[in-house]
Structures are given as C-alpha cells and as structure tokens.
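Structure assessment
This is what each chain is made of:
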Amino acid sequence: MTTPVDNSAPDSDGPDRFAADAAARGLAVEVVERPAANSLHEAADLLGIEPGDIVKTLVVKRHDGFLLALIPGGRSIAWKKLRSVVGVNKLSMPDASVALAATGYERGTITPIGTLTPLPVFADERILGRRIALGAGRHGASAFVDADALVAAYGAVVADITDEEQPRG
C-alpha cells in the first residue's frame, strides 16, 4: 500500500480531524494543555505520570509506505525486532517534512489519532494495561488514552519492538 506524500504544511483542521477520528472509533481521549519540557523526566513530572507512560508515535518508512510505531518513554525502536514483526528487511525514519506529509502532524505532536491517511500501527507490548500520554496533533497539548483501547481502536500489532534507551554521552 503506497501512502501519498505531498510535503504540505500541517492543515488547520488537525484538531477537528483528531476529535472526529477519536469519536468515530469510540475512543475516549482527554486532551490536556501543558508547557514545553526539556526532557522525558521533566515532561512526566509536568503531567504527573511515570516516564514509561509517555508514548512517542514515530513515523517509520517501509518499501510500500509508512507505519506508526508506539514507543514508551525511556525506550527506543529495536530495528531488528520491528523489521521481524513487520516482515521486511528494511525500515527507516523519514525526515520531518516527510513525516508531516504522511500524517498531517509535526514531529513532537504525531499521534495515530486523525492522521491524514490511516497508517498501520505497531505498539510496543509495554504500553498495555496503562493510561498513556501521547501526541495530541498540536504543540502544547498531550492526549491521555487507555492504551488497550487505543490498540483495539487501531487494530495495532502488539509486540516487543523496543530496547531500553542507552544514556547519551
């Protein structure tokens, strides 16, 4: 399946698209305003949650389009594991403009909820059974959702697709 890429700016209907998609899927989402954070731990403190409850939605390019990977805080994509689950030999991270065109959302705001084109979702198994915070489609906001409900709403493939992040420096 090929996902069209038009390299356009995020459209102004992103919040409406987000809300409409969540409603259509029967997904209860609480969007909260929040200040910017300089680290995962600072973000977790601001939101009053554990770092592992913050889930990054990453756009991943494969030969026939894109997929979304849901990665809990403190972890990173384990490329070998993800390639095995997806059933391909090559995956990569597109640049920010391509991720924007594929989802309608800028990096740091990406979420499976309301993407321009529905994309397959792959979730790390560690998010299950938690209330998680993820991108809300715009800066300055986080979306809280039950991870199990999110996985069900998007028919996400759940697997061990991450490794513990290694400290930098």
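Above this text you will find the structure in question.
Residues numbered from 1 in each chain as written. Predicted model: local features only at pLDDT ≥ 70, side-chain atom pairs only at ≥ 80, totals over all residues. Heavy atoms only, no water.

1. Quick word on the overall build of the chain
The cut-off we apply is this: Each helix corresponds to a stretch of at least 4 residues labelled H or I by DSSP, and each strand to a stretch of at least 2 residues labelled E; elements are numbered beginning at the N terminus. The globule rule used here is 2.2 Å times the number of residues to the 0.38 power, and the radius of gyration it is set against is calculated over C-alpha atoms. Burial status follows relative accessibility: with a 1.4 Å probe on protein chains alone, a residue under 20% of its type maximum counts as buried, one over 50% as exposed, and anything between as partly exposed. Contacts were defined at the residue level, with two residues in contact if any of their heavy atoms lie within 4.5 Å. To be clear on the numbers: accessible area is Shrake-Rupley with a 1.4 Å probe, and residue cover counts the displayed protein chains and nothing else.
The number of helices and strands found in the chain is 5 helices and 9 strands. When the helices and strands of the chain are listed from N to C terminus, the series reads α-β-α-β-β-β-α-α-β-β-β-α-β-β. Taken over C-alpha atoms, the radius of gyration comes to 15 Å for the chain, in line with the 15 Å a tight globule of 169 residues would show. C-alpha atoms of the chain, sized along the principal axes, occupy 40 × 35 × 30 Å. By the burial criterion, 47% of the 169 residues in the chain qualify as buried. Considering only contacts within the chain whose residues lie at least 6 apart along the sequence, 66% involve residues at least 24 apart. In the structure as shown, the chain presents an accessible area of about 8,400 Å², 51% of it carried by carbon and sulfur atoms.

2. Structural notes on the pairing of strand S6 (residues 131-135)
Counted only if it meets this: Any two strands are treated as partners once DSSP identifies two or more bridges connecting them.
With 4 of its 5 residues buried, S6 lies for the most part within the structure. Here S6 folds back onto strand S7 (residues 141-146) in antiparallel fashion, the turn holding 5 residues, of which Gly137 has a positive phi close to 85°.

3. A few points about the sheet that holds strand S8 (residues 157-159)
Short version of the rule: Interaxial angles span 0 to 180 degrees and are taken between N-to-C directions of axes, which are lines fitted to C-alpha atoms, for helices over the stretch in contact.
Spatially, S2-S3-S5-S8 is the arrangement adopted by the 4 strands of the open sheet, whose pairing is mixed. Taken across any chain shown, the strands that pair with only one partner, and hence form the sheet edges, are strand S2 (55-62) and S8. The average angle at which neighbouring strand axes cross in this sheet is 25°, direction not considered. Looking at chain direction, strand S5 (residues 121-124) and S8 are connected through 3 bridges and run parallel.

4. Describing the side chain of Ser142
Short version of the rule: For this analysis, a polar contact is any N or O atom pair within 3.5 Å, provided that within protein one partner can donate a hydrogen and the other can accept it, and provided that sequence-adjacent residues contribute only side-chain to side-chain pairs.
Of note, Ser142 is situated in strand S7. At 2.6 Å, the side chain of Ser142 forms a polar contact with the side chain of Arg34.

5. Observations regarding the sheet that holds S7
Within the open sheet, the 3 strands sit side by side as S1-S7-S6. Their pairing is antiparallel. Each having just a single partner strand, strand S1 (30-33) and S6 make up the two edges of the open sheet. Strand after strand, the sheet turns through a mean of 30° between neighbouring axes, direction not considered. Two strands pair when backbone bridges link them, and S6 and S7 are joined in this way by 5 bridges, in the antiparallel orientation. Directly across from Gly135, in S7, lies its bridge partner Ser142. Packing of helix H5 (residues 147-154) onto the sheet brings it into contact with S6 and S7, and relative to S7 it is tilted by some 85°.

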